[in-house]
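Understanding the architecture of this molecule
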Amino acid sequence: MAGRRPAPAALLLLLLAASFAPISSAVRPVSDAHRSAAAELFAPSADGSFGDLESTYEAVRTFQILGLENYKSLSGKACKFAAENLASPGSTAKDLFHAVRISGALGCGVDAGVYDGVVATLKAVIKDTNSLLEFYYSVGGLLSIKEQGHNVVLSDAESTFHAIKALSQSDGRWRYDTNSAESSTFAAGIALEALAGIVSLADAEIDSSMMAVVKNDIMKLFDTIKSYDDGTFYFDEKHVDATEYKGPIMTSASVVRGVTSFAAVVSGKLNIPGEKILGLAKFFLGIGLPGSAKDCFNQIESLSFLENNRVFVPLILSLPSKVFSLTSKDQLKVEVTTVFGSASPSLKVNLVQVLGSDSKVITNENKELQYDLDNNVHYLDIAPLKIDVGKYSIVFEISLQEPEHETVYVTGGRNTESVIVTGLIKVNKAEIGISDNDAGTVESVQKLDLLKDTKVSLSANHLQKLRLSFQLTTPLGHTFKPHQVFLKLKHESKVEHLFVVPGSARQFKIVLDFLGLVEKFYYLSGRYDLELAVGDAAMVSNHIILSYYYIWSPFVCFADFLCVQENSFLRSLGHLDLDLPEAPEKAPRPPAQAVDPFSKFGPKAEIAHIFRAPEKRPPKELSLAFTGLTLLPFIGFLIGLMRLGVNLKNFPSLPGPAAFASLFHAGVGAVLLLYVLFWLKLDLFTTLKYLGFLVIFLVFVGHRTLSYLSSVSTKQKTA
């Protein structure tokens, strides 16, 4: 690592990354953060709409479950959109299904005659289709109309039930239609929801034997559920097909809707293990804040079904904080709520075991947590546990004090949570000094107070050593070994060297033998700044303050947002004046220092350009004499005209010929002017271009002029 210059953020991550490694993302009930995320994900467009009918229903339903008022201000547009599709003769069963549900969720006023037409259309679809999706949309639409107070009865309910059941497979999955070769877990969910709708719409009770078969199918379906090691359960498709694969969130949501809907209409209980229902709740809560509107809808609606089902209502154990400070004598607090944070029934929560980071049992005492009725929190003082700073796994046991409660809850029995216990670490017997290389005698030793701003000034040569030692002890007096301890030497030329400070059971100690480090130091003599960095998860806690990359005792701020309190530190120890021998010819050179990436946007150096010396030119007088000689032909031309006796006697007198003669002479003058411009300004190609136009012009007017003069001369000779 010599010669490299780690950024402040990188160094702090080396020190503190372990603070968060054992703490996984907490499974917390639905909170205001989910409401804010939903409002953002389902933000309407400029015209106030949410898109198509399906997206509109998902937005309305999500807002309705979360208790948001956003959708009410847009209910006019949504109701109008739904009404247009309900009245349209070309609407499909899917369109009618979503339009009816939008009307029901928003309480839109729909004429009974409109719903009569929708009911007739959906019943016709049920009669003629063999598609599971068409059954689902049609039955779901009819059920929604019935729930809005209209009298809807499905007279041939049992035959429709059989038609859907015929698509089921032996493993609990369903096919989409009779032509589908593969079965689908997602299809199983919508099939169960459709069957539940048929039971609700039937004019007579469905055969109990068929209901028992469906119950058995549900048991088989739950045999295919997948799980993680932390007790999270989810459903996924068995076969990946680009046209049908929905992903774990959509697939699990479909099954949850289907199973809970069927459980609500069937007599008796479904024999689904409670830990699987709890695992599904953990799966949806473990998503945290979803990244898409579709995932948000599936998450919120699935949790709503889980909280209001007849099988098991999952209770979620969560810790408001997973970092506890011995310094501030924090209390261990536990929340046990439903997935939407509602107050749980009367519960008994016990702490039954505390395990160290190496799974060693720290305590097996069974302690009952006290209950705070006002805050709905169970709490326990951690001081009597006699646990020191470090990482622990705490095992809780939850039991219902009212087993005869009407609602059946599932708690998961024992729950294990990972926590960090922090505290102020004592720094003792800190010393730094220079010793001779051979005998090891110390020339200078200075005491250090690493919790204060004390600095030393040392000097050494390549035949000496730098020694640094100190001890770390926990609040309970035990030897403490942090995750990261570094000593950094930074040369005045900005070259940095980072050394790991090894630790034993008694102390941390490092000895830098400069004789063996001359090449690593690139033979650079001069001033070196000394810095000691000590960091550990147990030396920090979770006080959040907006900040930047700063670190000091007793506060450590990093990652642009997190400021953690206790006593991890990055301490400047002072400086060392190091005298190293001259570098040999083939010694390694110091690496180039990193260039500031923003320097390229600064002002550039001025460019001074020198042109070549001009060529030697003739004297001014010679140039003027040559110019005069060029005028001699023109003077000769004028003299020639005078000798020839040029006159205007033959200039045409008639208007037409006179005009052509004048244009001819003007053209000749233009040619002469063009020659002058060529000499002064124009290039050859431009001159030839203009001359070409003038030549054509002169040929035309000159021909007319000469023709006239020729005819006049002929007439005179004839006369």
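See the structure above.
Here goes a summary of the coordinates provided. (Residues numbered from 1 in each chain as written. Predicted model: local features only at pLDDT ≥ 70, side-chain atom pairs only at ≥ 80, totals over all residues. Heavy atoms only, no water.)

1. Some points on unusual backbone geometry
Of note in this structure, Lys-494 is not a glycine but carries a positive phi near 80°. Turning to its location among the elements, Lys-494 is positioned in the loop between β19 (484-491) and β20 (496-500). Overall, the relative accessible area of 41% leaves Lys-494 in the partly exposed class. Positive phi outside glycine occurs at Tyr-523, with the angle close to 55°. Looking at the element boundaries, Tyr-523 is found in the loop between β21 (508-513) and β22 (526-535). (Helix = DSSP H or I, 4+ residues; strand = E, 2+ residues; numbered from the N terminus. Buried < 20%, exposed > 50% of the residue type's maximum accessible area, 1.4 Å probe, protein only.)

2. As for the packing of aromatic side chains
As enumerated under the stated definition, the model contains 15 aromatic pairs in all. When the centroid spacing of 5.0 Å and the interplanar angle of 25° are considered together, the rings of Tyr-228 and Tyr-234 count as stacked. Under the relative-accessibility criterion, Tyr-234 is labelled buried at 12%. (Phe/Tyr/Trp six-rings, centres within 6.5 Å; stacked < 30°, edge-to-face > 60°.)

3. Brief notes about the nonpolar core
By size, the foremost hydrophobic cluster in this structure holds 97 residues, and its most contacted members are Phe-161, Ile-164, Trp-174 and Phe-222. Ranked by residues supplied to this core, first place goes to helix α10 (residues 185-201) with 12 residues. Ranked by size, the runner-up nonpolar core spans 44 residues in total, among them Ile-434, Val-518, Leu-524 and Leu-576. (Core = buried A, V, L, I, M, F, W, Y, C linked by side-chain atoms within 4.5 Å.)

4. Description of the sheet that holds β20
Strands sit in the order β17-β26-β22-β19-β20 across an open sheet of five strands; the sheet is mixed. Pairing within the sheet leaves two strands with one partner each, and these edge strands are β17 (456-461) and β20. Going from strand to strand, the sheet's axes swing by 25° on average, the running direction of each strand aside. As paired elements, β19 and β22 share eight bridges and run antiparallel to each other. When the sheet's bridge partners are listed, Val-485 is paired in β22 with Val-534. (Pairing = 2+ DSSP bridges. Axes fitted to C-alpha atoms, helices over the stretch in contact; angles between N-to-C directions.)

5. Remarks on empty space enclosed by the protein
Per the counting criterion, the structure on display carries two cavities of 30 Å³ or more. Computed from the structure, the largest cavity encloses a volume of approximately 50 Å³. Within the residue set of the lining of the largest cavity, elements represented by two or more residues are α12 (247-265) and α13 (274-286). For the lining of the largest cavity, the leading source of residues is α12, giving four residues. (1 Å grid on protein atoms, 1.4 Å probe; cavity = no way out; pocket = protein on both sides within 12 Å on 5 of 7 lines; lining within 4 Å. Points joined across faces, edges and corners; volume = space filled by probe spheres on them.)

6. Quick look at the pairing of strand β7 (residues 347-356)
Within β7, nine of the 10 residues are buried, which leaves the element mostly enclosed by the surrounding structure. Direction of pairing for β7 relative to strand β12 (residues 390-400): antiparallel, over a ladder of nine bridges. Looking across to β12, one finds that Asn-350 is bridged to Glu-397. By the bridge criterion, two bridges tie β7 to strand β9 (residues 367-368) in an arrangement that is antiparallel. The residue bridging Asn-350 from the neighbouring strand is Glu-368, located in β9. In this structure, β7 lies alongside strand β8 (residues 361-363), joined through two bridges in antiparallel fashion. Bridge pairing links Leu-355 to Val-361 in β8.

7. Notes on helix α11 (residues 208-223)
With 16 residues, α11 extends 23 Å between its outermost C-alpha atoms, agreeing within 8% with the 22 Å of an ideal straight helix rising 1.5 Å per residue. Considered for burial, the residues of α11 that qualify are Met-210, Met-211, Val-214, Asp-217, Ile-218, Leu-221 and Phe-222. Down the axis of α11, the smallest arc covering the buried residues is 135°, so these residues share one side. The exposed set on the far side of α11, more than 90 degrees from its buried face, consists of Ser-208 and Asp-223. For α11, the elements touching its buried residues are α9 (157-165), α10, α12 and α13. (Expected span 1.5 Å × (residues − 1). Arc of directions from axis to C-beta. Contact = heavy atoms within 4.5 Å.)

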